[in-house]
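Structure assessment
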Amino acid sequence: MQDLKFDISAVSDFCNFLQDVACILDTDGNILDINNAACFILGYAKEELAGKNINKLHPSSNAIDFTALCELLKAHQPASHAAPLVTSTNKLIPAETRFFFGSMFNQSVIISLSRDMSDVRRTQDMFSKIFDQSHMMMAIMEADSGKIINVNPQFERMLGYKKADVTGMRVTDLLLATDIEKLIALKYVLEKNGFVRDYELSLNSTQGYITDILLSIYKIVIQGTEYHWLSANDITSTKTTAGLLKNLLIQTQLIADISLELNNPREIGKSLAKVIAFLGEHTNVSRVYIFEDSFDGETTNNTYEWCNTGITPRKQNLQQIPYSTIPSWKPILTKKGKLFSCNISGLPEDIKKALEPQQIQSILVYPIYIDNSFRGFIGFNECTRQRNWPVEEIDLLRTVSNVIANALERKNFFEQLQENQFRLQLTIDSAREGLWDWNIKTGAIKYSDFWCSMLGYAPDEIEANLGTWEKMLHPDDKESVFKILNGHLAGERDYYEAVHRIKTKQGSWRWILDHGKVIERNEANEPIRALGTHIDITKQKETENELVRLIATKDKFFSIIAHDLKNPFMTLLSLTELMLLCYDDFSAEEIKENLNEIFTVTKSTHTLLENLLTWARSQRGDIKLHPETLSLNLLAQETISQQSTTALKKLITLHNDIPVGINVYCDSDTVLTILRNLVANAIKFSKPDGIITVSAHDDGGFVAVSITDNGVGMNQETMDKLFRIDVHHSTEGTGHEKGTGLGLILCKEFAESNGGKISVSSIEGQGSTFTFTLPQKAQN
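Summarised in this report is the structure supplied together with it. (Residues numbered from 1 in each chain as written. Predicted model: local features only at pLDDT ≥ 70, side-chain atom pairs only at ≥ 80, totals over all residues. Heavy atoms only, no water.)

1. Section: the overall build of the chain
Helix and strand counts for the chain stand at 22 helices and 31 strands. Burial analysis of the chain (780 residues in total) assigns 41% to the buried set. Considering only residue pairs separated by 6 or more positions, the chain has 54% of its internal contacts joining residues 24 or more positions apart. Carbon and sulfur atoms make up 53% of the accessible area of the chain, which totals about 43,800 Å². (Helix = DSSP H or I, 4+ residues; strand = E, 2+ residues; numbered from the N terminus. Buried < 20%, exposed > 50% of the residue type's maximum accessible area, 1.4 Å probe, protein only. Contact = heavy atoms within 4.5 Å. Areas by Shrake-Rupley, 256 points an atom, 1.4 Å probe, with all protein chains shown as cover.)

2. Here's the deal with the packing of helix 19 (residues 632–649) against helix 20 (residues 668–684)
Where helix 19 contacts helix 20, the axes come no closer than 9 Å and their chain directions differ by 35°. Seen along the crossing, helix 19 lies across helix 20 with a hand that is right-handed. Contacts between helix 19 and helix 20 involve L635, A636, E638, T639, Q642, Q643, T646 and A647 from the former and S668, V671, L672, L675, R676, V679, A680 and I683 from the latter. Residues that form the contact of helix 19 with helix 20 fall into these classes: nine nonpolar, five polar and two charged. (Axes fitted to C-alpha atoms, helices over the stretch in contact; angles between N-to-C directions. Left-handed = near helix turned anticlockwise from the far one by under 90°. Nonpolar A, V, L, I, M, F, W, Y, C, P; charged D, E, K, R; others polar.)

3. Focus on the packing of aromatic side chains
Taken as a whole and assessed by the stated rule, the structure comprises nine aromatic pairs. Centre to centre, the rings of Y369 and F374 are 6.0 Å apart; their planes meet at 85°, and the pair counts as edge-to-face. Relative accessible area serves as the criterion here: at 13%, F374 is assigned to the buried category. Clustering of aromatic rings is evident, with ring pairs tying together Y289, F291, W329 and F377. Stacked on the ring of F340, the Lys or Arg K338 has its end atom at 5.1 Å from the ring centre. (Phe/Tyr/Trp six-rings, centres within 6.5 Å; stacked < 30°, edge-to-face > 60°. Lys NZ or Arg CZ within 6 Å of the ring centre and 35° of its normal.)

4. Section: the side chain of N754
Inspection of the secondary structure assignment puts N754 in the loop between helix 22 (742–753) and strand 30 (758–763). Polar contacts involving the side chain of N754 include one to the main-chain amide nitrogen of D667, which spans 2.9 Å. Looking at N754, its side chain comes within polar contact range of the main-chain oxygen of F750, at 2.9 Å. Ignoring sequence-local partners within four residues, the contact set of N754 consists of L625, C666, D667, T670, V671, L774 and P775. (Polar contact = N/O pair within 3.5 Å; in protein donor to acceptor, adjacent residues only side chain to side chain.)

5. A look at the environment of N152
Secondary-structure assignment places N152 in the loop between strand 10 (148–151) and helix 6 (153–159). A relative accessible area of 0% means that N152 is categorised as buried. Along the backbone, N152 and S231 are 79 residues apart, and their C-alpha atoms lie at a distance of 9.9 Å. Leave out the neighbours within four places in its chain, and N152 touches F131, D132, S134, M136, M137 and M138.

6. Let's talk about the pattern of salt bridges
Using the criterion set out here, one finds 11 salt bridges in the structure. Where E305 meets R287, a salt bridge forms, and the shortest distance between an N and an O atom there is 2.6 Å. In this pair, E305 is assigned in strand 15 (residues 299–307) and R287 in strand 14 (residues 287–293), connecting sequence segments 18 residues apart. Classification of R287 as buried rests on a relative accessible area of 2%. (Salt bridge = Lys/Arg side-chain N within 4 Å of Asp/Glu carboxyl O.)

7. Quick word on the sheet that holds strand 14
Two strands in a sheet stick together by hydrogen bonds in their backbones, pointing the same way (parallel) or opposite ways (antiparallel). Taken together, six strands build an open sheet; the order of strands is 16-15-14-19-18-17 and the sheet is antiparallel. A single partner strand is all that each edge strand has here, and the edge strands are strand 16 (321–322) and strand 17 (339–341). (Pairing = 2+ DSSP bridges.)

8. Quick word on the sheet that holds strand 31 (residues 767–775)
Read from one edge to the other, the open sheet built from five strands follows the order 26-28-29-31-30, with strand pairing classed as mixed. Strands with a single pairing partner mark the edges of an open sheet, and in this sheet they are strand 26 (653–656) and strand 30. Mean inter-strand twist for the sheet, computed between neighbouring axes without regard to direction, equals 15°. Of the strand pairs in this sheet, strand 26 and strand 28 (residues 691–698) are connected by four bridges, and their pairing is parallel. Looking at strand 28, one finds that L654 is bridged to I692.

9. Description of the nonpolar core
Ranked by internal contacts, the top residues of the largest apolar core, which has 39 residues, are L632, L678, I707 and F772. Of all the elements in the fold, those that place two or more residues in this core are helix 19, strand 27 (663–666), helix 20, strand 28, strand 29 (702–709), helix 22 and strand 31. Top element by residues in this core is helix 20. It accounts for eight residues. Setting aside anything within four residues of it in sequence, one finds F772 in contact with V671, I674, L675, L678, V703, A704, V705, I707, A751, K757 and I758. By size, the runner-up hydrophobic cluster in this structure holds 29 residues, among which are I258, Y366, I394 and A405. (Core = buried A, V, L, I, M, F, W, Y, C linked by side-chain atoms within 4.5 Å.)

10. Examining the environment of M136
Position of M136 among the secondary structure elements: in the loop between helix 5 (118–133) and strand 9 (137–142). The class of M136 is partly exposed, set by a relative accessible area of 21%. Apart from residues lying up to four places away in sequence, M136 is in contact with N152, Q154, S231, A232 and N233.

As far as function goes, none of this settles anything; it's purely spatial.
Following this line, the structure appears as structure tokens:
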């Protein structure tokens with residue numbers, strides 16, 4: 001802006017021609033002169049204002065900052081001040097003042113021109129009154145950007161927005177997505193005609209409601225700037241009324257379709273998935289789901305789920321949900337009949353805590369009752385907005401929920417029926433019983449699949465008649481079986497039961513427990529129909545035969561043990577009797593020899609009894625293993641210490657070659673028994689000056705422990721008899737020591753009970769090596 005240079009009188013004359021209030025000021029804002037209009041409008045004489053500050057003409061709250069004003073003017077920037085003028089009678093006149101920078105007599109001055117805005121204000125007040133009090137929804141937006149700059153109270157009431165919320169928003173932000181293209185089309189009409197009238201659109205409210213409007217748009221110009229003035233009537237109720245009948249027809253058809261879909265209990269699972277999809281698409285909610293409770297009612301599982309486009313499925317994470325984590329949920333459903341909220345913020349804290357992570361904003365849930373018991377619920381979630389549930393939609397969902405509950409009740413009944421049939425079949429199959437159903441009059445017999453399969457046949461490979469069964473019976477059993485069967489048919493027995501052999505397809509014989517009963521007789525008491533089962537007892541028969549064999553083996557073993565115990569006692573009796581009768585005739589040397597013999601026999605008998613008692617305890621299961629990680633070197637050293645005296649008498653050397661760091665996982669008592677018996681056995685069959693070595697090496701997760709001697713050794717025939725309870729084998733040691741072989745039997749049982757095994761290798765005349773294995777760590 002150019003600085004102005006002028007003569008004061010010329011300026012005064014020019015200003016007097018103006019109808020606006022004009023003042024000439026110095027740079028501090030002091031009045032140098034005013035024009036005639038200022039005198040007339042403000043009621044002041046020129047002399048009254050001369051030298052006064054311009055702020056005298058404005059309210060104190062609207063004082064002008066002249067320092068800032070001068071800076072603007074010096075920078076050639078426009079400067080104005082919107083503030084009322086104060087008259088001499090203190091009346092306020094709406095005004096807008098503009099300032100210009102100039103010079104006069106080499107002195108800087110400022111000229112202010114104030115325009116009376118009363119007419120403009122009255123026009124604005126009138127527009128504002130119409131705008132604010134209109135029953136129509138109104139808004140003003142910028143023509144170029146489309147941003148809203150003002151809305152009336154009716155706009156706020158209809159859509160629930162505050163003026164501050166929508167200021168700066170675009171109308172497109174409030175429209176349904178489907179209506180945005182409509183608004184774009186309206187712009188063309190507006191540009192062409194300058195207005196648009198009665199165009200139908202839909203807006204979103206803050207509560208999630210959809211408000212249908214009839215929209216008109218006009219171009220207006222305010223102070224040279226173009227704006228768009230929007231006015232609209234709410235036609236929601238009109239459209240709702242028109243749509244109610246249509247919705248009622250649609251809902252009636254939907255309920256009929258759902259009922260028809262759920263009619264087949266065999267397909268309820270697939271049908272429910274379709275039904276909740278129907279409901280989701282019809283209501284356009286975010287998610288529809290069904291939860292079914294556990295048998296005890298303590299937890300619930302999401303069994304069916306439908307999700308709208310863009311909604312994250314939750315079913316996988318909503319399994320085995322304890323009701324205890326949401327204590328308010330079930331009581332609300334059972335007492336109020338539904339859980340309903342347009343805004344979940346009003347729900348109990350425990351429910352909000354469960355729903356918020358799922359981004360649920362609105363919810364409607366109905367309980368499911370089966371046999372008058374709460375068994376779950378069906379729910380509808382809205383995750384994208386707060387949903388206003390129309391009454392007719394709530395009624396529809398309640399009705400459909402009842403239909404689904406009835407379908408689930410039928411499904412539950414059908415599943416129970418299937419479960420009972422399955423249990424019956426499972427009971428029959430698990431009992432491994434083949435069923436037969438005999439029409440006695442015709443001779444036809446129906447065999448179950450398992451009856452056929454236990455004999456190696458397919459169901460269609462057996463002729464269904466009595467003659468086929470008779471041919472399959474073992475010849476030695478046929479007479480006794482028919483005698484029992486005919487006795488039952490004649491009424492002499494309450495039921496038929498026989499054990500017999502029957503031939504399989506492969507030609508082998510199976511032992512069968514065959515039992516049945518006549519279930520229908522005619523008036524003459526003649527049998528008409530009988531039912532029965534075949535049970536394969538072949539394994540029981542084999543076990544029975546094996547038990548007989550084992551008993552016979554043990555009887556033989558005990559007779560051997562009795563013989564081995566009897567002989568030492570006979571020796572003891574003979575020696576003690578001889579010493580008693582001829583004590584005076586014996587020399588000291590002879591008495592010592594006899595006592596030594598008695599000691600040897602007694603020790604051998606004690607070892608036999610100790611092994612026999614230990615074996616008996618193991619057979620009864622009285623020996624409980626307590627495995628732990630142990631040092632194998634220490635176990636071997638303990639055994640060698642115990643056997644050192646016996647070895648010394650025969651001048652035999654015992655070596656422990658097991659490294660200190662080798663550990664095994666075993667029961668110490670049973671392993672010491674193995675070591676003691678094997679070392680004693682090596683001493684027994686070693687010659688004087690012999691060497692016995694206890695060693696060990698890694699064996700792939702196990703440790704192989706070996707007891708090696710350079711004694712008499714044995715041949716293969718002798719080795720084959722070792723470790724067997726059914727074979728009596730006893731060989732005298734190099735010092736005429738007696739034995740029964742029971743110690744080696746114990747070694748085998750204890751090695752296996754610790755998870756290992758035992759073996760022997762020997763060369764006759766060179767010595768033997770007994771090896772057993774033990775795990776290094778606990779076995780899975």
